[in-house]
Amino acid sequence: MARQSIADIRKKEILTTFYEIAKKEGLDKTSFSMIAQKLEIQPSLIVHYFKNRSELIDSLIQYNLDQYENIFSTASELDEKANAYDRLIMLLNKLFSKEWDHLFDDGVFYSCYALSYRDEKVKAKFRELHLRIRNHIQEVVDECNNEGVIAVENSYTTAQLISNLMDGAYYYVGMLKDIREQDEYMESVKYSLLKMLNLDEKMSTAITADVQ
């Protein structure tokens, strides 16, 4: 593995500090001076690595997108011998669960997403993320279709629907304060999805499966 340069280490330190402050204070309120104070450095050093706030926010957005996509790397930890059904259930358990909430902060993520309405570059980043997520889901759906686990006419449409359900679920669950209520809502979404895939007869074991 290549050794990180001092510049890369410093940029990551600035970026993660920006992220941590934005989680507490909000994206709009987080300034170079706040980051510098937290790191005990001069604001001019931040400008050395990030020319302006726009460049720093752009890097933060990419950081958020990378964190968001990590859900799929954590969902690929099954043994290679696992069958298609197990892979599908693990994916759904990961997609519709708050257990990976530590990967990114909802407030920062949606603040970044709001910028896509004013910035075509930001919109393109989020569009690419959506496409990668949908394509990954479609691969699992195709595998299950080929092995007879499910029978869907159009894997593209099915993957799109699952992706849309995930986006909507996380948008809504963020409004629920009670953790138990959040978990129950996610379970209900998974139930609806399993029923749509005609897997609801296995629901009692599938929903609570803890596939490692």
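Look a little higher up for the structure.
Just so it is clear, the model here is predicted, and its values are computed rather than measured.

J.: Explain the overall build of the chain to me, please; I cannot follow it from the model alone.
T.: The secondary structure content of the chain amounts to ten helices and zero strands. Each helix and strand of the chain, placed in order from N terminus to C terminus, yields the pattern α-α-α-α-α-α-α-α-α-α. Taking all 212 residues of the chain together, 41% fall into the buried category. Across the chain, contacts joining residues at least 24 apart in sequence account for 64% of those joining residues at least 6 apart. With the model as given, the accessible surface of the chain reaches about 12400 Å², and the carbon-plus-sulfur share is 49%.

J.: Which parts of the structure should I look at to understand the packing of helix α6 (residues 106–114) against helix α7 (residues 120–146)?
T.: When two helices pack together, their arrangement is given by the angle between the helix axes and by the axis-to-axis distance. At a minimum axis separation of 9 Å, α6 and α7 run at an interaxial angle of 120°. Between α6 and α7, the angle falls in the class oblique. Here Phe109, Cys112 and Tyr113 of α6 come into contact with α7, specifically with Val122, Phe126 and Leu129. By residue class, the composition of the contact of α6 with α7 is six nonpolar, no polar and no charged.

J.: Sorry, what's going on with the pattern of salt bridges here?
T.: Where side chains of opposite charge bring their charged atoms close, a pairing between them can arise. In this structure the tally under the stated criterion is eight salt bridges. With its nearest N and O atoms 3.7 Å apart, the salt bridge here joins Glu128 to Arg132. Taken as a pair, Glu128 and Arg132 lie in helix α7 at a separation of four residues, close to a single helical turn. Looking at Glu128, the relative accessible area reads 38%, which means it is partly exposed.

J.: Looking at this model, I keep getting lost on a nonpolar patch on the surface. Mind explaining?
T.: A contiguous nonpolar surface patch, about 210 Å² in accessible area, is contributed by Leu161, Leu165 and Met196. Tracing the backbone shows Met196 in helix α9 (residues 179–196).

J.: Honestly, the environment of Asp8 in this entry has me stumped. Any pointers?
T.: Along the chain, Asp8 turns up in helix α1 (residues 6–25). For Asp8, a relative accessible area of 42% translates into the label partly exposed. The sequence separation of Asp8 and Tyr49 amounts to 41 residues, and the corresponding C-alpha distance is 9.2 Å.

Calculation notes
Residues numbered from 1 in each chain as written. Predicted model: local features only at pLDDT ≥ 70, side-chain atom pairs only at ≥ 80, totals over all residues. Heavy atoms only, no water. Helix = DSSP H or I, 4+ residues; strand = E, 2+ residues; numbered from the N terminus. Buried < 20%, exposed > 50% of the residue type's maximum accessible area, 1.4 Å probe, protein only. Contact = heavy atoms within 4.5 Å. Areas by Shrake-Rupley, 256 points an atom, 1.4 Å probe, with all protein chains shown as cover. Axes fitted to C-alpha atoms, helices over the stretch in contact; angles between N-to-C directions. Parallel < 35°, antiparallel > 145°, perpendicular 65-115°, else oblique. Nonpolar A, V, L, I, M, F, W, Y, C, P; charged D, E, K, R; others polar. Salt bridge = Lys/Arg side-chain N within 4 Å of Asp/Glu carboxyl O. Patch = residues over 30% accessible without salt bridge, like charges linked within 9 Å, V, L, I, M, F, W, Y side chains within 5 Å.

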